[in-house]
Each structure stands twice: as C-alpha cells, then as structure tokens.
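Below are the chains, spelled out letter by letter.
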Amino acid sequence: MALRVGILTSGGDCQGLNPAMRGVAKALYEADASNEIIGFLNGYEGLMTGRSKKMRETDFSGILTRGGTILGTSRQPFKLMKEPLDANHPEGPSKLEAMIDTYRTQSLDALVILGGNGTHKTAHLLSENGLNVVTLPKTIDNDLWGTERTFGFQSAVDIATQVIDGIHSTATSHGRVFIIEIMGHKAGWMTLEAGIAGGADVILIPEIPYDPLYILKALNRRESKHKRFSIIAIAEGAKTIAEAALGKSELESKRKASCHPSVAYELAETLDSMMVQEVRCTVPGHFQRGGEPCAFDRVLTTRLGVAAANAVMNGHFGCMMAIRHDKVEPMPLADIAGRLKYVPLDHELIQVARQTGISFGDAD
Ligand code: F6P
C-alpha cells in the first residue's frame, strides 16, 4: 500500500540535511513509485501552519552535494509548543494542536523529522501524542544523546580545521597568539576534534573549565622552547573556573553584560594584559555550518536516510536512527529527548591531546 510521508528539517541548518532527505526519498520511491512525500516548509512552522508542498522525485535530484536545506528551517522553542499558535487568538489551537491537526488533515502515514536537541524534544512530544514519527540526528555539535555521530559534525570539523590551518601562517609570521572560536555552546566535540586536527596548543571546551593562568603557563612554556606562535581553540561555550561556579542565569547575565562579543575576545583581553606577545581572535561562526557536506557526511546521511525510510515502511515509529558501534540502530525518542551528549572527561581524545602536550587550561 502506498504511503504518504511528511518530512521537515528543524533547528539550525548544517551540511547533510539535503543528502539525508535524498536518502529517505530515494528509498521510498524505489520501494514503491506511488509513495508520496509532503515537504513542510521552515521546520515545525510549516507543520503548524500547513505550509507544505507535494514533493516530486526530481526535487531530490542534485542535492547530495548541496549544503543548507531545500525545505528551509526555523527554530521553534520546545517550551512554547503548548502556547497558542496565534498570540492574538489565545482561544485558538496551541502550536502542538495545530501540528497534530495538519498531520491528520494531510492524512499522513508518518513524519520524518531531521534535527538536533530542541527538535527531538518536540518530535518526542508529537510521538507521545500519537503521530508516527521517525527522526534523524542532525547537528554540527555532535551532542545528541544516543548516537555516536550526528551528521553535519564531520563537515563542520573539516571547515574549523581548515580555519586553524589557515591561521598558522600569520601566527608564525608575526609570532602571535591566535584564539580561534569554534561553534558549540554546550559540548566541546567540534573544538576537541578540530583542535587536535589543526594542531592547536590549547583547547578550551565547556566540559573542562579553565584558568587563564594555566593558559599563560602553557604559552610561556612554548616561548621558552623558542616556538614563535601559539594557537588556542576555544569553544563558544567554554567557561573559566570562576564562571563554572555560577548558576545558569548568573552566567547568562554576566555574558549579556560583557562588553565582548564572545568568549574568544574576552580571553584575548585577559591574555593581552598578561603577556608581551600580540593576541588576535578569529571567529568563523556560521561559516562552519555552510558549504558542501564532506564525503563522510554524504555516506552517513545516505545510510541514515535509507534506515528512516525502512523504519517508516516497517511501521517502526517513535525512534531516532542512530549510529551505535558504527551500525545504524533505532533509539527510542523517550531515551533521547532532553538529554545531551557531553565530552566525557575520560574520553580517549582528551588523553591523547594531553599526551601530545595540548593544554586544556585546567592544570600545569
Ligand atoms: O546547534 C548548532 C549551532 O551551530 C551551535 O553550534 C551554535 O551555538 C548555534 O547553533 C548557533 O545558532 P544560530 O544559528 O541560531 O545562531
């Protein structure tokens, strides 16, 4: 029997969304040419408002190598899902009710949702409310619980590494300290991998609070070995030991009140006041989420997309297609929603980094 499947991409974009949708679509159309796919525009917003389009097979052609998402995306906070869809009509349906209504009026058999942490909380809510949901793990942060890898991560790490590589020549020529800020507010996976791959001397991640004095010592050690420059890779969510002792809202207020646009600039000012060497910052920002998906992500998304299509065709719902022991496995949404995957402090890469002389700013 032909299936009618909705699909949407939600949250921050990244490399790999298009090839993942292509994987889902190809497997569905190959299995039964009369299967139908409805694309919802701009993430959950499209599901709330019904803004959608019936996809053609050709819509999924030529997108294996395209960054971004052909459906558009938006951030729709989970905590607002029970709020009215239209703030001017509080008596009307909530966002959640509107999404359920669209699913029913579109006569969908299933909904495939591509997204990160926030997206999974809402996907779980939809699943709890009786919708047939299958999800795919998207985020450059690699911080989704239940999967070893998320797609977008490797492509973003490759870009962040290229940025560090590119900075090396100026750092060497001028004998400067460069601070490169890498995306990741809560987890330091990207900074850890790009830092190691790019040969950073100091890596600062949210999981390991730092003391600028230890960084200074690491930089001085390099100078004493006649190294002309140093590279610091800092995650955008890195914290000093003093900041880590603050509550969430206290830290947020401190950051808001800061005259610095981001943590890299704050650290630059601190270090600048303590050393003779010039300190500079580079913040590649959303550049890390752009451009083509790398070969690894193209393969990963194709595997995950096909697995999502199989789950839909087999009637296996309420799960995310995850990578576990390098195999694709379904993980229950109930286990994933609301949980983050941080870098464990005993992770092999932290050990490897320390043994190759990289400082995390937490010890001599
Ligand atoms: O979650 C992906 C991510 O790129 C984070 O690394 C970053 O902190 C955040 O999104 C940026 O969000 P926005 O695109 O909304 O500025």
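The shown structure was predicted, so the numbers you read here are calculated from the model rather than taken from an experiment.

Cut-offs used in this document
Residues numbered from 1 in each chain as written. Predicted model: local features only at pLDDT ≥ 70, side-chain atom pairs only at ≥ 80, totals over all residues. Heavy atoms only, no water. Helix = DSSP H or I, 4+ residues; strand = E, 2+ residues; numbered from the N terminus. Rg over C-alpha atoms; globule rule 2.2 N^0.38 Å. Buried < 20%, exposed > 50% of the residue type's maximum accessible area, 1.4 Å probe, protein only. Contact = heavy atoms within 4.5 Å. Areas by Shrake-Rupley, 256 points an atom, 1.4 Å probe, with all protein chains shown as cover. Lys, Arg positive; Asp, Glu negative; His and termini not counted. Charge placed at Lys NZ, Arg CZ, Asp CG, Glu CD. Core = buried A, V, L, I, M, F, W, Y, C linked by side-chain atoms within 4.5 Å. Pairing = 2+ DSSP bridges. Axes fitted to C-alpha atoms, helices over the stretch in contact; angles between N-to-C directions. Domains from an automatic or database assignment. Buried area = accessible area lost by both parts, 1.4 Å probe. Salt bridge = Lys/Arg side-chain N within 4 Å of Asp/Glu carboxyl O.

In terms of regular secondary structure, the chain is built from 13 helices and eleven strands. A compact globule built from 364 residues should have a C-alpha radius of gyration of about 21 Å, and the chain, at 22 Å, falls within 12% of that. Principal-axis analysis of the C-alpha atoms gives the chain an extent of 70 × 45 × 30 Å. Put simply, the chain has 364 residues, and 55% of those count as buried. Sequence separation of at least 24 residues holds for 72% of the intrachain contacts in the chain that already meet a minimum separation of 6. Surface summary for the chain: the accessible area is close to 15,900 Å², and the carbon and sulfur share equals 51%. Distance between charge centroids for the chain: 2 Å, based on 38 positive and 42 negative side chains.

A few words now on the nonpolar core. With 64 residues, the main nonpolar core has Leu-114, Leu-136, Phe-151, Ile-231 and Met-321 as its most contacted residues. Residues contacting Met-321, with those up to four places away along its chain left out, are Val-134, Thr-135, Leu-136, Pro-137, Leu-304, Ala-307, Ala-308, Ala-311, Val-328, Glu-329 and Pro-330. Within the second largest apolar cluster, 25 residues are counted, among which are Ile-100, Ala-123, Leu-131 and Val-133.

Quick look at the sheet that holds strand S10 (residues 319–324) now. The sheet built from seven strands is open, its strands ordered S3-S2-S1-S4-S5-S10-S11 with mixed pairing. In this open sheet, the two edge strands, each paired with only one partner strand, are strand S3 (52–54) and strand S11 (327–332). Mean inter-strand twist for the sheet, computed between neighbouring axes without regard to direction, equals 25 degrees. Both strand S1 (residues 4–9) and strand S4 (residues 110–115) contribute to a ladder of five bridges, which runs parallel. Bridge pairing links Val-5 to Ala-110 in S4. Packing of helix H1 (residues 17–31) onto the sheet brings it into contact with S1, strand S2 (36–40), S4 and strand S5 (133–137), and relative to S1 it is tilted by some 175 degrees.

Taken domain by domain, the chain holds domain 1 (4–151 + 293–336) and domain 2 (156–289). One C-alpha centre belongs to domain 1, the other to domain 2; they are set 34 Å apart. Taken together, both faces of the contact between domain 1 and domain 2 bury some 880 Å²; the carbon and sulfur share is 46%. The three residues of domain 1 that bury the most area against domain 2 are Gln-15, Ile-140 and Asp-141, which together make up 52% of that side's buried surface. The tally of links from domain 1 across to domain 2 stands at two salt bridges.

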